[in-house]
Amino acid sequence: MKSLEATLRTLRDSGRKALVPYFMAGVTEDWTHHVAAAVHGGADAIEIGIPFSDPMMDGAVIQLAAERSLALGTTIDSLCAQLSAQDLGLPLIAMTYYNLFHHYGLLRAAGRLSASGISGAIVPDLTLEESDEWRSVCDQTDIATIFLVAPSTTPDRFARLAATTQGFCYASARMAVTGRASGDGDASRVVEAVRATSDIPTYVGIGISSPSQAARASRYADGVIVGSALVDLILGGATPDDTERFIAGFRTALDE
Amino acid sequence: MNQTPSYMGAPSTSGRFGDFGGRFVPEALMPACLELETAFVDAWADPSFVDEYRSVLHEFGGRPTPVTYLERFSRRCGLEVFAKREDLAHTGSHKINNVVGQTLLTQRMGKSRVIAETGAGQHGVATATAAARLGLSCTVYMGELDTQRQSLNVFRMELLGATVVAVTSGSRTLKDAVNEAMREWVTCVDDTHYCLGSVMGPHPFPWMVREFQSIIGHEAYAQLHERGVGVPDMVVACVGGGSNAAGIFAGFANTTSRLVGVEAAGGAAVTNGSPGVLHGMKSMLIQSEHGQIEEAHSISAGLDYPGIGPEHAYLAASGRAQYVGIGDEDVLEALQTLSQLEGIIPALESAHAVAWILQEAGRDIPLGSSVLLNLSGRGDKDVAQVRDILRDRQ
Ligand SMILES: Cc1ncc(COP(=O)(O)O)c(C=O)c1O
């Protein structure tokens, strides 16, 4: 079992609901301070978005964040160097599109991520069917390959995806790209479909923008992912203290 | 024993042409891609579907389009040049072939709505046209920059009852329109088909669109035989995503004809690109040293695309077809030359193929060769733009 999954299973066994905020790497000069603030605010793992020019799964907020980050010169190497300089003490999960890893070289990319403390990767445009090469490369490092399931996922695919995903299973609450829909939508049905075939920790994302939505989803899921709402805050000029307060609000709601 | 390889057949079950193609989409779209593949395979094997597709293209689309011998142009080049006249098809380009197929398929799948991306507006107009004919509702995504370059086409789509959405993200051109259409499709896959406009995207699109366009090549093959020309020495077509080229190549892929695809020099994915993954496919892409997709630059909105369909990437890698780039200046020149020598105003896209023939006659194209040129569209949509460019120079 990959170390990410061991950590997240232990977390679940302790009765705590996982809070996983998403940050766009390099979106501001002080982005790692925001990450550290989220750790203080009560996050359990951090998703690190790596900016791509053509984010097909992302709505306007994360698109804008990616554009800003790219304009500031963010690359896999630059963000890995910044992360290596930190010791955040909790799991880091990369999220980006396949072309960046493909272009960097799959083995080299997995090695670079792993060396900078990242232990999982979400590649939303990499289908199960196309993932053999990436998964075998990740098996040579300690990178967990995380798959998404969606409201449109069919029963046979739920079974295969839940059996293949490592660390956790990412349940999209909505048939939407990030930041376009609010509320947990179909998430309970999606989570149940995963549960029917696997005991992998299952987190709800895409549609979780407020503490009350997070609390709702945590009644049936093992954790939540908060993306666009947080990225929007940071794009709007939030300080790391604002980020900590924002995360603490979710923490409180999840712990109640 | 050596067997001649056969080209332009069905891709592998995972949608690969050699190393290219495949399916790189969010899980949310996978069921729709699988459903589409099943529906297409079923329909394309059903004689009643194929008959309907052909008869609509005949009665509504104006097919077969003629092959015209370009007499004065041929004399100028020292070649025998025949043009396949897709410019005479309904809506002014080859795009009608694909959309007639896909809208009939939409209806067959029980969906009531189509969405599409468009660059020059030709695919958008064609989609709006075919949708109107079947009473499907239609939304077209178009880069904001292109809505300005091709404002008349925006109005045409609206006249046809479609909604046009100007896409303001990224480079505000074709690649961003594709991103936006994909994002939209996620929200409405249940009742909506994504009518992709070229031989690109996730499996089965590159294959399906090529099949719907192959009518160009099959017609041209028969027409050249009928007039005693037989198999031409060379087949030349412009390439954006590559649908008109794939369509005409399909008639000649397993003959002795040389196949040449002409890309815009500022978007020459085969010449200047490297393998990568974008818009659901693995193909050749123009990208930075870090794997960020670069913006293409072309005078023609329809060729402003940093990638190329995966089957073309394969045809290039295998050496079966050759891909070249042509710059804006030569295109403008060629558009005027063809207009004045033949009384045919080509689309700026098609003028890339014309320009390459003019440039290479007696060089890469031996004098006296027979050349089949795919005139993918007419230039009506471009005359205002060309007028402005030429007037600014005076
Ligand atoms: C007339 C014409 N030719 C060619 C193209 C390029 O598309 P493709 O390469 O798919 O044929 C377009 C696209 O808009 C077009 O309008």
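Residues numbered from 1 in each chain as written. Chains lettered and ligands numbered in written order. Predicted model: local features only at pLDDT ≥ 70, side-chain atom pairs only at ≥ 80, totals over all residues. Heavy atoms only, no water.

Trainee: I would appreciate a short explanation of the site of the ligand in the present structure.
Mentor: Residue and element names in this part refer to chain B. Around the ligand, the structure places 19 residues, and the nearest of them are Ser 198, Gly 240, Gly 242, Ser 243 and Ser 376. Note that an oxygen atom of the ligand is positioned 3.1 Å from one of the side-chain N or O atoms of Lys 95. The fraction of the free accessible surface of the ligand (390 Å²) that becomes covered by protein chains is 97%. Of all elements in the fold, only strand S9 (234–239) and helix H10 (243–249) reach the threshold of two or more residues within the shell around the ligand. Residues lining the shell around the ligand come from more than one domain, with at least three contributed by each of domain 1 (16–57 + 95–205) and domain 2 (63–93 + 214–393). (Near = heavy atom within 4 Å. Polar contact = N/O pair within 3.5 Å; in protein donor to acceptor, adjacent residues only side chain to side chain. Areas by Shrake-Rupley, 256 points an atom, 1.4 Å probe, with all protein chains shown as cover. Helix = DSSP H or I, 4+ residues; strand = E, 2+ residues; numbered from the N terminus. Domains from an automatic or database assignment.)

Trainee: Looking at this model, I keep getting lost on the packing of aromatic side chains. Mind explaining?
Mentor: Given two aromatic rings, one states the distance between the centres and the angle between the planes to describe the pair. Evaluation of the coordinates by the stated rule reveals 19 aromatic pairs over all chains. Residues Phe101(A) and Trp134(A) carry aromatic rings whose centres are separated by 4.8 Å and whose planes lie at 15° to one another, so their mutual orientation is stacked. Of the two residues, Phe101(A) sits in helix H5 (residues 98–104) while Trp134(A) sits in helix H7 (residues 132–139), which places them 33 residues apart along the sequence. Summarising the burial analysis for this pair, Phe101(A) and Trp134(A) share the class buried. What links up through ring pairs into an aromatic cluster is the set Phe40(B), Trp44(B), Phe49(B), Tyr53(B), Trp207(B) and Phe212(B). Its guanidinium or amino end placed over the ring of Tyr104(A), Arg108(A) lies 3.8 Å from that ring's centre, counting from NZ or CZ. The aromatic ring of Phe60(B) is capped on one face by Arg133(B), whose charged end is 5.4 Å from the ring centroid. (Phe/Tyr/Trp six-rings, centres within 6.5 Å; stacked < 30°, edge-to-face > 60°. Buried < 20%, exposed > 50% of the residue type's maximum accessible area, 1.4 Å probe, protein only. Lys NZ or Arg CZ within 6 Å of the ring centre and 35° of its normal.)

Trainee: Help me understand the environment of Ala355(B), please; the structure alone is not making it clear to me.
Mentor: All names here are of chain B. Relative to the elements of secondary structure, Ala 355 occurs in helix H14 (residues 348–360). Judged by relative accessible area, Ala 355 falls into the buried class, the value being 4%. Taking C-alpha positions, Ala 355 is 10.0 Å from Cys 238, a pair spaced 117 residues apart along the chain. Those residues in contact with Ala 355, other than ones at most four positions away along the chain, are Ile 326, Asp 330, Val 331 and Ala 334. (Contact = heavy atoms within 4.5 Å.)

Trainee: Any chance you could explain the confidence of the model for chain B here in plain terms?
Mentor: Put simply, chain B has an average pLDDT of 96, and 99% of its residues get 70 or more. Scoring of the predicted complex yields 0.97 for pTM and 0.96 for ipTM. (pLDDT = per-residue confidence, 0-100.)

Trainee: Hey, could you run me through the pattern of salt bridges in this one?
Mentor: Where charged atoms from two side chains of opposite charge approach closely, those side chains can pair. This structure, assessed with the given rule, holds 44 salt bridges over all chains. Two residues, Asp139(A) and Lys2(A), come together in a salt bridge whose shortest N-O distance is 2.7 Å. Highlighted residues: Asp139(A) in helix H7 and Lys2(A) in the segment before helix H1 (3–13), separated in sequence by 137 residues. Lys2(A) gets classed as buried once you look at its relative accessible area, which sits at 10%. Between Arg210(B) and Glu211(B) there is a salt bridge; the shortest N-O distance is 2.7 Å. Considered together, Arg210(B) and Glu211(B) belong to a single accessibility category, that of buried residues. Look at the salt bridges and you will find they share partners, linking Glu129(A), Asp156(A), Arg157(A), Arg160(A) and Glu27(B) into a network. (Salt bridge = Lys/Arg side-chain N within 4 Å of Asp/Glu carboxyl O.)

Trainee: Got a minute to help me understand the domain arrangement of chain B in this structure?
Mentor: All names here are of chain B. Splitting chain B by domain gives domain 1 (16–57 + 95–205) and domain 2 (63–93 + 214–393). On a C-alpha basis, the centres of domain 1 and domain 2 stand 22 Å from each other. Each side of the interface is counted separately: domain 1 has 38 residues, and domain 2 has 42 residues. Taken together, both faces of the contact between domain 1 and domain 2 bury some 3,200 Å²; the carbon and sulfur share is 62%. Between Arg 149 and Asp 304 there is a salt bridge, and its shortest N-O distance comes to 2.7 Å. Among the secondary structure elements, those contributing two or more residues to the side of domain 1 that touches domain 2 are strand S1 (16–17), strand S2 (20–21), helix H2 (47–59), helix H4 (95–108), helix H5 (122–134), helix H6 (144–149) and helix H8 (174–188). Considering every element that reaches the side of domain 1 that touches domain 2, the biggest residue donor is H8, with five residues. Residue composition of the side of domain 1 that touches domain 2, grouped by class: 16 nonpolar, 15 polar and seven charged. (Buried area = accessible area lost by both parts, 1.4 Å probe. Nonpolar A, V, L, I, M, F, W, Y, C, P; charged D, E, K, R; others polar.)

Trainee: Is there a simple way to explain the sheet that holds strand S2 (residues 46–49) of chain A in this structure?
Mentor: Working definition: the strands of a sheet are paired by backbone hydrogen bonds and lie parallel or antiparallel to each other. All names here are of chain A. Pairing within the open sheet is parallel, and its nine strands lie in the order S5-S4-S3-S2-S1-S9-S8-S7-S6. On the outer flanks of this sheet lie strand S5 (144–146) and strand S6 (148–149), each paired with one strand and no other. Packed onto the sheet, H1 meets strand S1 (18–24), strand S3 (92–95), strand S4 (118–122), S5 and strand S8 (202–205) and runs at close to 90° relative to S4. (Pairing = 2+ DSSP bridges. Axes fitted to C-alpha atoms, helices over the stretch in contact; angles between N-to-C directions.)

Trainee: It is not clear to me how the interface of chain B and chain A should be interpreted in this structure. Could you clarify?
Mentor: Many authors give the size of an interface as the accessible area that is lost as the parts come together. In this complex, chain B contributes 39 residues to the contact, which on the side of chain A involves 35 residues. Buried surface at the junction of chain B and chain A, both sides included, amounts to about 2,900 Å², of which 55% is carbon and sulfur. Of all residues in chain B, Glu27(B), Arg183(B) and Gln292(B) bury the most surface against chain A, accounting for 24% of the area lost on that side. Between the two partners, chain B and chain A, sit five salt bridges. Glu130(A) is the salt-bridge partner of Arg16(B), the closest N and O atoms lying 2.5 Å from each other. Where the side of chain B that touches chain A is concerned, the elements lending two or more residues are helix H1 (30–44), H8, strand S11 (274–278) and strand S12 (281–285) of chain B. When its residues are assigned to classes, the side of chain B that touches chain A shows 15 nonpolar, 14 polar and ten charged.

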